[in-house]
Amino acid sequence: MVDLLVLGATGVTGRQVTRYLKSHPQSSQFTLAIAGRSRKKLDDLVSDLSLPKSIQVHVVDVTDFDQVEALVKSSKIVLNTVGPFAKWGPPVVRACARNGVHYVDLTGEQIFVRDIIERYDYVATKTGSILVPACGMDSLPADIVVHMANNALKALSKDAAQPLQIDTSTSSYDLHGVFSNGTISTIVSTLGSTPKHKLTESLRDYYLSPVAGRPSPSPRLKYAMALPSTREIVVGGYFLMSGSNRSVVQRSWGLLEWNFLNTRSPEANARRYGPMIYEEFMRQKNTLSSVLLTLTLVIGFTLMTIPPVRWFIGKLGMKETSVDLDKELESGNIDVINVTTSLPSSSFPEPVKVETRISAKGDPGYYLSPIMMAESALALLFHSEEVPPLAKKGGVLTPAIVFGDVIVKRLQEYAKFHIVCEVIKGTAENRKTI
């Protein structure tokens with residue numbers, strides 16, 4: 001029985017996951033296997049990364065369920081990097097759910113997540129399989145900043161009659177990295193193969209949530225957010241992955257709300273977010289660049305509904321998986337700033353603001369995203385006793401519900417992420433850093 005199995009190890013993302021795990025400070029404490037379609041590519045990967053002989057190597061066709069299940073059954077946790085996930089992911093999730101094996105991936109495809117919820121969530125709760133999609137750039141940072149803000153509000157009001165609840169939560173992103181053909185491939189595949197009614201449905205609020213909440217604001221040309229720590233106003237345009245991230249955050253909200261509605265326990269009440277509205281945007285320098293970004297995305301998506309345009313765009317992007325690329329991906333960065341505001345309460349008549357920031361160096365999609373997924377798998381492996389009771393039941397869950405503070409600590413300790421959370425009451429001078 002191997003601890004971790006990386007599927008799709010010879011792709012760009014799988015390579016980075018393997019590279020990170022091979023050099024991890026805890027590598028002597030877990031066993032690792034890698035799998036892919038091509039024996040030659042697997043051999044090249046072993047040579048390029050100087051992988052030790054202790055790492056098992058398997059050839060597997062993810063379209064052959066029997067092959068997939070045989071390999072999955074001999075693993076504790078599967079790290080799936082084979083996308084587009086809607087096309088190649090269901091057999092892997094099915095095998096994990098049937099056999100009580102835990103699963104993580106870095107999908108940004110909410111249609112895929114909805115599909116596995118409908119098909120495998122119930123089975124996973126019976127076998128104890130913890131299935132956590134969206135553990136990469138999509139959508140771990142979005143999910144975790146809200147989790148941290150909620151914990152900060154609850155800690156502040158732990159002695160009050162009523163725990164503070166979230167009114168609004170907004171995240172702004174600043175990203176720099178290489179052109180992601182993985183994301184483009186997913187968009188092209190989704191637009192080309194998904195019925196229009198399914199695409200439309202996937203954009204609705206609470207698409208992945210077991211219950212519905214307050215409606216989100218409509219998309220707009222320009223977004224703005226005041227930072228309580230500095231009183232600076234940051235602006236931006238529409239964020240390409242905001243729909244996927246919002247769906248995951250709303251699923252976390254919905255699972256906590258559903259747990260409270262079914263148990264009415266003080267513990268469940270202490271964890272729920274409250275009647276929250278969540279949104280996010282891509283930070284820009286000024287109003288003009290914000291509007292131009294939004295318009296560019298609108299025009300781009302309109303053009304991608306035309307088949308020849310999709311074909312051409314599908315040919316673009318980064319294709320290499322070379323040693324040179326390993327170094328290139330270490331440049332770039334991610335900076336996420338979230339501002340969460342509480343609802344007024346009897347103990348806190350004025351809203352409390354929480355400012356949370358996650359930043360790290362490296363390409364967001366191809367370097368940092370694999371690291372987030374790898375640390376998520378290690379969180380399951382090494383911190384199973386810290387998984388909340390709601391998550392221990394199994395099912396299709398979210399990073400915030402399963403990993404919570406554990407993933408924050410692991411990203412800080414092992415991946416050198418800079419993560420800080422400040423509670424600010426009234427003025428910027430009256431703050432508490434977590």
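Cut-offs applied
Throughout, residues of each chain are indexed from 1 in the direction in which the sequence is written. pLDDT decides what is reported in this predicted model: residues at 70 or higher carry local features, side-chain atom pairs at 80 or more are listed and counted, and totals for whole chains, interfaces and linings draw on all residues regardless. The side-chain figures draw on all heavy atoms in the structure; neither hydrogens nor water molecules are used. Two strands qualify as a pair provided DSSP detects at least 2 bridges between them. A run of H or I in DSSP counts as a helix once it spans at least four residues, and a run of E counts as a strand once it spans at least two, with each numbered from the N terminus. Contacts are assigned to residue pairs with any non-hydrogen atoms lying within 4.5 Å of each other. Think of each axis as a best-fit line through the C-alpha atoms, taken over the contacting stretch in the case of a helix, with angles from 0 to 180 degrees between the N-to-C directions. Only rings of Phe, Tyr and Trp enter the pairing, Trp through its six-membered ring, and a pair is recorded when the two centres are within 6.5 Å. The plane angle decides the type: under 30 degrees is stacked, over 60 is edge-to-face, the rest tilted. A ring is scored as having a charge over it whenever the NZ atom of a lysine or the CZ atom of an arginine sits within 6 Å of its centre and within 35 degrees of its normal. Throughout this description, the term nonpolar core refers to a set of buried Ala, Val, Leu, Ile, Met, Phe, Trp, Tyr and Cys residues connected via side-chain atoms within 4.5 Å. To sort residues, take the accessible area from a 1.4 Å probe on protein chains only and compare it with the maximum for the residue type: under 20% means buried, over 50% means exposed, and anything in between is partly exposed. Nonpolar side chains (Val, Leu, Ile, Met, Phe, Trp, Tyr) within 5 Å and like charges within 9 Å form the patches, drawn only from residues with over 30% relative accessible area and no salt bridge. We get accessible surface area from the Shrake-Rupley algorithm with a probe of 1.4 Å; when it comes to residues, only the shown protein chains can shield them. In what follows, salt bridge is the name for a side-chain nitrogen of Lys or Arg lying within 4 Å of a carboxyl oxygen of Asp or Glu. When an angle is under 35 degrees it counts as roughly parallel; over 145 it counts as roughly antiparallel; between 65 and 115 it counts as roughly perpendicular; any other value is oblique. Working rule for handedness: look at the near helix, and if it is turned counterclockwise from the far one by less than a right angle, call the crossing left-handed; if clockwise, right-handed. Residue classes follow a fixed rule: Ala, Val, Leu, Ile, Met, Phe, Trp, Tyr, Cys and Pro count as nonpolar, while Asp, Glu, Lys and Arg count as charged, and any other residue, Gly among them, counts as polar. Definitions used for this entry: grid spacing 1 Å over protein atoms alone; cavity, a set of points where a 1.4 Å probe fits but cannot get out; pocket, an open set with protein on both sides within 12 Å along at least 5 of 7 lines; lining residue, one with an atom within 4 Å of a point. Grid points are joined across faces, edges and corners, and a volume is the space filled by probe spheres set on the points. UniProt positions are given in the numbering used here, feature names are shortened, and annotations may be inferred rather than shown by experiment. One fewer than the residue count of a helix, multiplied by 1.5 Å, yields its expected span. In protein, a polar contact means a hydrogen-donor-capable atom and an acceptor-capable atom, both N or O and within 3.5 Å, with residues adjacent in sequence counting only if both atoms are side-chain atoms; elsewhere, any N or O pair within 3.5 Å suffices.

Under an unreviewed UniProt entry, the name given to the protein is Saccharopine dehydrogenase-domain-containing protein, and the source organism is Lentinula guzmanii.

**Some details on the sheet that holds strand β1 (residues 2-7)**
Across the sheet, seven strands lie side by side as β3-β2-β1-β4-β5-β6-β13; this open sheet has parallel pairing. With partners counted over all chains shown, the strands left at the sheet margins are β3 (56-59) and β13 (395-396), one partner each. Across the face of the sheet, helix α3 (residues 65-72) comes into contact with β1, β2 (32-36), β3 and β4 (75-80) while running at roughly 125 degrees to β4.

**Section: the packing of aromatic side chains**
Two numbers describe a pair of aromatic rings. These are the distance of the centres and the angle of the planes. The final tally for this structure, using the stated rule, is five aromatic pairs. Aromatic side chains Phe-85 and Phe-112 sit 5.7 Å apart centroid to centroid with 40 degrees between the ring planes, which places their arrangement in the tilted category. Within this pair, whereas Phe-85 is found in helix α4 (residues 85-88), its partner Phe-112 is found in helix α6 (residues 110-127), the two being separated by 27 residues in sequence. Here the basic side chain of Arg-94 rests over the ring of Phe-65, its NZ or CZ set 4.0 Å away from the ring centre. Between the NZ or CZ atom of Arg-272 and the centre of the ring of Phe-260, over which it lies, the distance is 4.1 Å.

**Remarks on the nonpolar core**
Buried together is how nonpolar side chains tend to be arranged in soluble globular proteins. Ranked by size, the top nonpolar core spans 113 residues in total, and within it Leu-4, Leu-21 and Phe-417 carry the most contacts. With 10 residues, helix α15 (residues 364-382) is the single largest residue contributor to this core. Residues contacting Phe-417, with those up to four places away along its chain left out, are Ile-358, Ser-359, Ala-360, Leu-368, Ile-371, Met-372, Leu-411 and Gln-412.

**Focus: unusual backbone geometry**
At the junction of Gly-83 and Pro-84, the peptide bond is cis and its omega measures out at 0 degrees in the coordinates. Along the chain, Pro-84 falls in the loop between β4 and α4. Following Asp-138, the chain continues to Ser-139 via a peptide bond in cis, the omega torsion being 10 degrees. If you trace the backbone, Ser-139 turns up in the loop between β6 (130-132) and α7 (140-156). Positive phi values are uncommon outside glycine, yet Ser-50 reaches one of about 50 degrees. Positionally, Ser-50 belongs in the loop between α2 (39-48) and β3. We note that Arg-264 has phi near 55 degrees; this positive angle belongs to a residue other than glycine. Summarising the element assignment, Arg-264 is placed in the loop between α10 (242-263) and α11 (266-271). Classification of Arg-264 as exposed rests on a relative accessible area of 54%.

**Some remarks on a nonpolar patch on the surface**
Together, Leu-221, Leu-295, Ile-299, Leu-303 and Ile-306 make up a nonpolar patch on the protein surface, roughly 420 Å² of accessible area in all. Inspection of the secondary structure puts Ile-299 in helix α12 (residues 287-303).

**Considering the packing of α7 against helix α18 (residues 405-414)**
In the contact formed by α7 and α18, the axes pass within 10 Å of each other and the chain directions differ by 115 degrees. As the angle between them shows, α7 and α18 are arranged roughly perpendicular. Crossing angle aside, the handedness with which α7 passes α18 is left-handed. Contacts between α7 and α18 pair Leu-140, Ile-144, His-147, Met-148 and Asn-151 from the former with Asp-405, Ile-407, Val-408 and Leu-411 from the latter. Taken together, the residues of the contact of α7 with α18 break down into six nonpolar, two polar and one charged.

**Notes on empty space enclosed by the protein**
Empty space among the atoms can be located by rolling a probe the size of a water molecule over them. Throughout the structure, instances matching the rule amount to four cavities of 30 Å³ or more. Roughly 50 Å³ of volume is contained in the largest cavity. For the lining of the largest cavity, the class distribution of residues is eight nonpolar, one polar and one charged.

**Details of the pattern of salt bridges**
Taken as a whole and judged by the stated rule, the model has 18 salt bridges. Among the salt bridges present, the one from Arg-15 reaches Asp-326, with a minimum N-O distance of 3.0 Å. With Arg-15 in helix α1 (residues 12-22) and Asp-326 in helix α14 (residues 323-328), this residue pair connects regions lying 311 residues apart in the sequence. There is no split in this pair, since Arg-15 and Asp-326 are both buried.

**Some words on the UniProt feature "domain: Saccharopine dehydrogenase NADP binding" (unreviewed entry) in the protein**
Mapped onto the present numbering, the UniProt feature "domain: Saccharopine dehydrogenase NADP binding" (unreviewed entry) falls at residues 5-107. Each end of residues 5-107 is marked by a C-alpha atom, and these two atoms are 17 Å apart; helix forms 42% of the span and strand 21%.

**Looking at α15**
Given a rise of 1.5 Å per residue, 19 residues ought to cover 27 Å, and the 25 Å separating the end C-alpha atoms of α15 matches this to within 8%. The backbone nitrogen of Gly-365 has a side-chain oxygen 3.2 Å away, supplied by the residue at the start of α15, namely Asp-363.

**A word on the pairing of strand β14 (residues 418-424)**
Here is the key point about a regular strand: its side chains alternate between the two faces of the sheet. Burial of β14 is extensive: six of the seven residues sit out of reach of the surface. Alignment of strand β12 (residues 353-361) against β14, held across seven bridges, turns out to be antiparallel. Within the sheet, the bridge partner assigned to Val-354 lies in β14 and is Val-423.

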